[in-house]
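What the coordinates show
Read off the chains here:
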Amino acid sequence: MFTARYGPTALVLGASEGLGAEFARQLAGRGLDVVLVARRADALAAIEAELSKQVKVRCVVADLATPGALATVAAATADLDVGLVVYNAALSPLGPFLSQSLGENLKAIDVNVRGPVAFAHHFGARLAARGRGGLVLLSSLTAFQGSPFVSTYGATKAFNLAFAEGLWFELKERGVDVLSVCAGATKTPNLLKAAPDGAPGMLEPKQVVAEALDALGRAPTMIPGVFNRFASFLMRRLLPRRTTITIMGQQTKKLHAGR
Ligand SMILES: NC(=O)c1ccc[n+]([C@@H]2O[C@H](COP(=O)([O-])OP(=O)(O)OC[C@H]3O[C@@H](n4cnc5c(N)ncnc54)[C@H](OP(=O)(O)O)[C@@H]3O)[C@@H](O)[C@H]2O)c1
């Protein structure tokens, strides 16, 4: 069923480590060939070596912060029947907004917002033309309220959530399932750099990806993990908005201070 709807090939953008590498592993485990995109060729080659025993793997080196990335990936996949696209890569400048460089913040908008729009436009059309497929955009619990010390990143994740939900409605009648994954803290190299001691409710990438792939085609949006679903319910539905922003600020301040 999964392979028939989302196969034969999945494209994972930001696939060299963390959640992206885990998406590639689990999609290969479900029998899909995979195209892996990231900037580091050596890290991609390591995932390729691992997965090529099971499925066909193609690596594409591209920087998703650059406008040419879509053309590079589109050309590298033109001969493939791509049935699933996972836009996983993100950039998250951490710290007080005014202490960060404007360039890094604008680059976060390129990777986290311009990238998903560009790839959803190109591959959404390809998926709709074949009448079946899936598009997964990685969002975050930071999407639901302002997130101090990752203010730009949080706002880009709010964009991913709203964008995916709009596309979910538009594309479902074209046979394409769109899902926004609002992950909480997940044990990836990127998060562990900022929070070596972990964070409340932190999940393994394996669980996040397994729950996300199970939710694809069933809902427009999902939150992995019972703790995260409960915390998010409390923060969105019961607490005043200024309290939720303050809680987020206190948590993120620890990450920033611990660097
Ligand atoms: N980890 C968490 O706690 C958490 C929580 C909520 C949401 N999320 C979301 O989950 C997704 C994955 O997070 P993550 O923690 O696994 O790591 P991440 O640092 O957001 O992404 C890592 C992957 O993206 C690639 N990447 C980053 N910038 C790129 C660029 N400019 N061009 C091409 N590839 C790029 C990296 O490869 P290269 O370095 O080789 O390019 C790597 O494979 C993100 O969208 C994030 O917002 C994560």
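Conventions we followed
- Residues numbered from 1 in each chain as written.
- Predicted model: local features only at pLDDT ≥ 70, side-chain atom pairs only at ≥ 80, totals over all residues.
- Helix = DSSP H or I, 4+ residues; strand = E, 2+ residues; numbered from the N terminus.
- Rg over C-alpha atoms; globule rule 2.2 N^0.38 Å.
- Buried ≥ 20, exposed ≤ 12 C-beta atoms within 10 Å, placed from the backbone.
- Contact = placed C-beta atoms within 7 Å.
- Near = placed C-beta within 6 Å.
- Nonpolar A, V, L, I, M, F, W, Y, C, P; charged D, E, K, R; others polar.
- Pairing = 2+ DSSP bridges.
- Right-handed = clockwise from strand over helix to strand, strands pointing away.
- Expected span 1.5 Å × (residues − 1).
- Core = buried A, V, L, I, M, F, W, Y, C linked by C-beta atoms within 7 Å.
- Axes fitted to C-alpha atoms, helices over the stretch in contact; angles between N-to-C directions.
- Parallel < 35°, antiparallel > 145°, perpendicular 65-115°, else oblique.
- Left-handed = near helix turned anticlockwise from the far one by under 90°.

1. Brief notes about the overall build of the protein
Scanning the protein from terminus to terminus reveals 10 helices and seven strands. Scaling as 2.2 N^0.38, a compact globule of 259 residues should have a C-alpha radius of gyration of about 18 Å, and the protein matches this with 18 Å. With respect to the principal axes defined by its C-alpha atoms, the protein has extents near 50 × 35 × 30 Å. By residue count, 42% of the 259 residues in the protein fall in the buried class. Long-range contacts, defined here as pairs at least 24 residues apart, represent 65% of the contacts in the protein between residues at least 6 apart.

2. What to know about the site of the ligand
Not every one of the 27 residues close to the ligand is listed here, only the nearest: Gly14, Gly18, Arg39, Arg40 and Ala90. Mapped by element, the contributors of at least two residues to the shell around the ligand are α2 (18–29), β5 (133–140) and α7 (189–194). Broken down by element, the residue count for the shell around the ligand peaks at three residues, all from α2. Of the residues in the shell around the ligand, the class split is 14 nonpolar, nine polar and four charged.

3. Describing the sheet that holds strand β3 (residues 57–61)
What the seven strands build is an open sheet, ordered β3-β2-β1-β4-β5-β6-β7; its pairing is parallel. Edge positions in the sheet fall to β3 and β7 (221–222), since each of these pairs with one other strand and no more. In this structure, β5 lies alongside strand β6 (residues 176–183), joined through eight bridges in parallel fashion. Residue glycine 134 lies in a different strand from β6, and its bridge partner there is aspartate 177.

4. Looking at the pairing of strand β4 (residues 82–87)
Look at any regular strand and the pattern is simple: side chains alternate between the two faces of the sheet. In terms of residue burial, β4 counts as a mostly covered element, since six of its six residues are buried. Of the pairings in the sheet, the one linking strand β1 (residues 9–13) to β4 comprises five bridges and is parallel in character. The residue bridging leucine 11 from the neighbouring strand is valine 85, located in β4. With four bridges connecting them, β4 and β5 associate as parallel partners.

5. Structural notes on the pairing of β6
Counted residue by residue, β6 has eight buried out of eight residues, so it is predominantly covered. What you see with β6 is no split at all: Val176, Val178, Ser180 and Cys182 on one side and Asp177, Leu179, Val181 and Ala183 on the other are buried throughout. The β-α-β motif built from β5, the intervening helix α6 (residues 151–172) and the parallel element β6 has right-handed crossover chirality. Bridge count between β6 and β7: two bridges; the pairing is parallel. Among the inter-strand pairings, serine 180 is bridged to a residue of β7, identified as threonine 221.

6. Describing helix α5 (residues 102–130)
Here α5 spans 41 Å end to end across 29 residues, near enough to the 42 Å set by a 1.5 Å rise per residue. The set of residues buried in α5 consists of Ala108, Val111, Asn112, Gly115, Pro116, Phe119, Ala120, Phe123, Gly124 and Leu127. Next to the buried residues of α5 lie β1, α4 (69–76), β4, β5, α6 and β6. Phi for glycine 131, located one or two positions after α5, is positive at around 80°.

7. Let's talk about the environment of phenylalanine 97
Mapped onto the fold, phenylalanine 97 is located in the loop between β4 and α5. Separated by 50 residues in sequence, phenylalanine 97 and isoleucine 47 place their C-alpha atoms 35 Å apart.

8. Considerations on unusual backbone geometry
The omega angle of the peptide bond from glycine 7 to proline 8 is 0°, so this bond is cis rather than trans. Note that proline 8 resides in the loop between α1 (2–6) and β1. Notably, phenylalanine 149 is not glycine yet its phi reads approximately 70°, a positive angle. Relative to the assigned elements, phenylalanine 149 resides in the loop between β5 and α6.

9. A short note on the nonpolar core
Counting residues in hydrophobic clusters, the biggest one holds 67 residues, and the most contacted among them are Val12, Leu13, Ala15, Ala24, Val34, Leu36 and Leu135. Ignoring anything within four residues of it in the chain, the contact list for valine 34 reads Ala10, Val12, Ala24, Leu27, Ala28, Leu51, Val55 and Val57.

10. Comments concerning the packing of α2 against helix α8 (residues 205–215)
Axis separation between α2 and α8 bottoms out at 9 Å; the angle between their running directions is 55°. Judged by the angle between their axes, α2 and α8 are oblique. Seen along the crossing, α2 lies across α8 with a hand that is right-handed. On α8, the residues that touch Gly18, Leu19, Glu22, Phe23 and Gln26 of α2 are Pro205, Lys206, Val208, Val209, Ala210 and Leu213.

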